[in-house]
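Take a look at the letters that make up each chain.
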Amino acid sequence: MDVFFKILLIVFSLGLIAVVLLQRGKSAGLSGAISGGAEHLFGKQKARGLDLFLQRVTIGLAIGFFILSLVVAYVVQN
């Protein structure tokens, strides 16, 4: 059981890395962080198509990674 959770955690982590690298950058450099951050914060730019799909997959993988990390830590401890 311990090995299964560790392998699943590795799969989730590699998937999360791949999905994050596939996403487009939202802003460029420091000027984008100042001006682009406000636009993203107030929702002027909506994600569509592939960007929306990658964003949702990233959220799902991040939640799965977090939960699996806690489960692996608990299983290894006991």
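Predicted, not measured: the structure shown is a model, and the values here were computed from it. Each residue is numbered by its place in its chain's sequence as written, counting from 1. In keeping with the predicted nature of the model, local features appear solely for residues at pLDDT of at least 70, side-chain atom pairs appear and are counted solely at 80 or more, and the whole-chain, interface and lining totals rest on all residues. To obtain the side-chain values, all non-hydrogen atoms of the structure were included, while hydrogens and water were left out.

Novice: Explain the overall build of the protein chain to me, please; I cannot follow it from the model alone.
Specialist: The numbering of helices and of strands both runs from the N terminus, where a helix is a DSSP run of H or I of at least 4 residues and a strand a run of E of at least 2. Along the backbone of the protein chain there are 3 helices and 0 strands. Traced from its N-terminal end to its C-terminal end, the protein chain shows the element sequence α-α-α. Here a residue-residue contact requires only that any non-hydrogen atoms of the pair lie within 4.5 Å. Of the contacts formed within the protein chain by residues at least 6 apart in sequence, a portion of 92% connects residues at least 24 apart. Surface summary for the protein chain: the accessible area is close to 6200 Å², and the carbon and sulfur share equals 71%. Only the protein chains shown count as cover for residues, with accessible areas throughout obtained via the Shrake-Rupley method and a probe of 1.4 Å.

Novice: How do you make sense of the confidence of the model for the protein chain when you look at a structure like this?
Specialist: Should pLDDT be low for a region, the predicted coordinates there are not to be read in detail. The predictor reports its confidence for every residue as pLDDT, a score running from 0 up to 100. Per-residue confidence for the protein chain gives a mean pLDDT of 84; residues scoring 70 or more make up 73%. The lowest-confidence element of the protein chain is helix α2 (residues 29-41), averaging 57 in pLDDT; the highest-confidence one is helix α1 (residues 2-22), averaging 95.

Novice: Would you take a moment to explain the pattern of salt bridges for this structure?
Specialist: A side chain with one charge can pair with a side chain of the opposite charge if their charged atoms come near. Salt bridges are identified by distance alone: a Lys or Arg side-chain nitrogen within 4 Å of an Asp or Glu carboxyl oxygen. Counted under the stated rule, the structure contains 2 salt bridges. For Asp2, the salt bridge goes to Lys6, with nearest N and O atoms at 3.7 Å. Linking Asp2 with Lys6, this pair stays in helix α1, spanning 4 residues, or about one helical turn. According to the relative accessible area criterion, Asp2 is partly exposed, its value standing at 27%. Residue class for Lys6 comes out partly exposed when judged on its relative accessible area of 38%. For Arg24, the salt bridge is made with Asp51, and the minimal N-O distance between the two is 2.6 Å. Separated by 27 residues along the polypeptide, Arg24 in the loop between α1 and α2 and Asp51 in helix α3 (residues 50-77) bring together distant segments of the chain. When accessible area is computed with a 1.4 Å probe and restricted to protein chains, residues below 20% of their type maximum are described as buried, those above 50% as exposed, and intermediate ones as partly exposed.

Novice: Is there a simple way to explain the environment of Val71 in this structure?
Specialist: Along the chain, Val71 turns up in helix α3. Separated by 69 residues in sequence, Val71 and Asp2 place their C-alpha atoms 9.5 Å apart.

Novice: For this particular structure, what's the right way to read the packing of aromatic side chains?
Specialist: For any two aromatic rings, the description comes down to two numbers: the centre-to-centre distance and the angle of the planes. Ring pairs are drawn from Phe, Tyr and Trp, using the six-membered ring of Trp, whenever the two centres fall within 6.5 Å, and their geometry is named by plane angle: stacked under 30 degrees, edge-to-face over 60, tilted for the rest. The full count for this structure, using the stated rule, is 1 aromatic pair. Between Phe4 and Phe5 the ring centres are 5.7 Å apart and the planes differ by 55°, which places this aromatic pair in the tilted class. Residue Phe5 is classed as buried on the basis of its relative accessible area, which comes to 17%.

Novice: Where do I start with the packing of α1 against α3 in this structure?
Specialist: For any two helices packed against each other, the geometry comes down to the angle between their axes and how far apart the axes lie. An axis is simply a line fitted to the C-alpha atoms; with a helix, the fit covers only the stretch in contact. Between two such axes, the angle follows the N-to-C directions and lies from 0 to 180 degrees. One can describe the packing of α1 onto α3 by two numbers: an axis separation of 9 Å at closest approach and a directional angle of 155°. The orientation of α1 with respect to α3, classified from their angle, is roughly antiparallel. Crossing hand, α1 versus α3: left-handed. Here the nonpolar group is Ala, Val, Leu, Ile, Met, Phe, Trp, Tyr, Cys and Pro; Asp, Glu, Lys and Arg are the charged ones; every other residue, Gly included, is treated as polar. For the contact of α1 with α3, the per-class residue count stands at 18 nonpolar, 5 polar and 2 charged. Note that the term roughly parallel is reserved for angles under 35 degrees, roughly antiparallel for angles over 145, roughly perpendicular for angles of 65 to 115, and oblique for everything else. Working rule for handedness: look at the near helix, and if it is turned counterclockwise from the far one by less than a right angle, call the crossing left-handed; if clockwise, right-handed.

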